[in-house]
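# Descriptive analysis of the structure
Chain by chain, the residues run as shown.
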Amino acid sequence: MPKYVIEREIPDAGNLTAEQLKGISQTSCGVLRNMGPEIQWIQSYVTGDKVYCVYIAPNKDMVREHAKQGGFPVNSVSEVAAIIDPTTAE
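These lines cover the structure that appears in this document, whether it is placed above or below. None of the values given here were measured: they were computed from a predicted structure. (Residues numbered from 1 in each chain as written. Predicted model: local features only at pLDDT ≥ 70, side-chain atom pairs only at ≥ 80, totals over all residues. Heavy atoms only, no water.)

### A closer look at the overall build of the protein chain
Helix and strand counts for the protein chain stand at two helices and four strands. In sequence order, the secondary structure elements of the protein chain are arranged as β-α-β-β-α-β. With the C-alpha coordinates of the protein chain rotated into their principal frame, the extents come out at 40 × 30 × 20 Å. The 90 residues of the protein chain split such that 27% are buried. When contacts within the protein chain are restricted to residue pairs at least 6 apart in sequence, those whose partners lie at least 24 apart make up 70%. (Helix = DSSP H or I, 4+ residues; strand = E, 2+ residues; numbered from the N terminus. Buried < 20%, exposed > 50% of the residue type's maximum accessible area, 1.4 Å probe, protein only. Contact = heavy atoms within 4.5 Å.)

Next up, the structure:
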């Protein structure tokens, strides 16, 4: 199944408190439960003004529907073409 990276512009995302991040995570997990097992949230990276999320889903439309139901912004959804890391150099 395809893997996607979602870019979300969220002003001051890097200053969100642990409690706020917990609430966002709970909202996301609730939407995922309702949508079924085809879509999975892997993890997210919070930076200064953006959040980058990694999802597995059958298509971009399902990723965008999750965002719509959860009230999350989506600035871009990109399908992962390949994954590399230091072991790729071996």
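### Details of helix α2 (residues 60–70)
It helps to recall that an α-helix has 3.6 residues per turn; residues three or four apart then point in one direction. Where α2 is concerned, the buried positions are Met-62, Val-63, His-66, Ala-67 and Gly-70. Projected down its long axis, α2 shows its buried positions confined to an angular sector of 145 degrees, all on one face. Opposite the buried face of α2, by more than 90 degrees, sit the exposed residues Asp-61 and Lys-68. Measuring from the side-chain oxygen of the N-cap residue of α2 to the backbone nitrogen of Asp-61 gives 3.2 Å; that N-cap residue is Asn-59. With its phi angle positive at about 75 degrees, Gly-71 sits one or two positions after the end of α2. (Arc of directions from axis to C-beta. Polar contact = N/O pair within 3.5 Å; in protein donor to acceptor, adjacent residues only side chain to side chain.)

### Let's talk about the nonpolar core
Of all hydrophobic cores here, the largest spans 14 residues; its most connected members are Tyr-4, Ile-6, Ile-39, Tyr-55, Ala-57 and Val-63. Discounting residues that sit within four places of it in the chain, Ala-57 has contacts with Met-1, Pro-2, Tyr-4, Glu-38, Ile-39, Met-62 and Val-63. (Core = buried A, V, L, I, M, F, W, Y, C linked by side-chain atoms within 4.5 Å.)

### Quick look at unusual backbone geometry
Although it is not a glycine, Asp-12 adopts a positive phi angle of roughly 60 degrees. Along the polypeptide, Asp-12 turns up in the loop between β1 (3–9) and α1 (18–35). On the accessibility criterion, Asp-12 (48% relative accessible area) is partly exposed.

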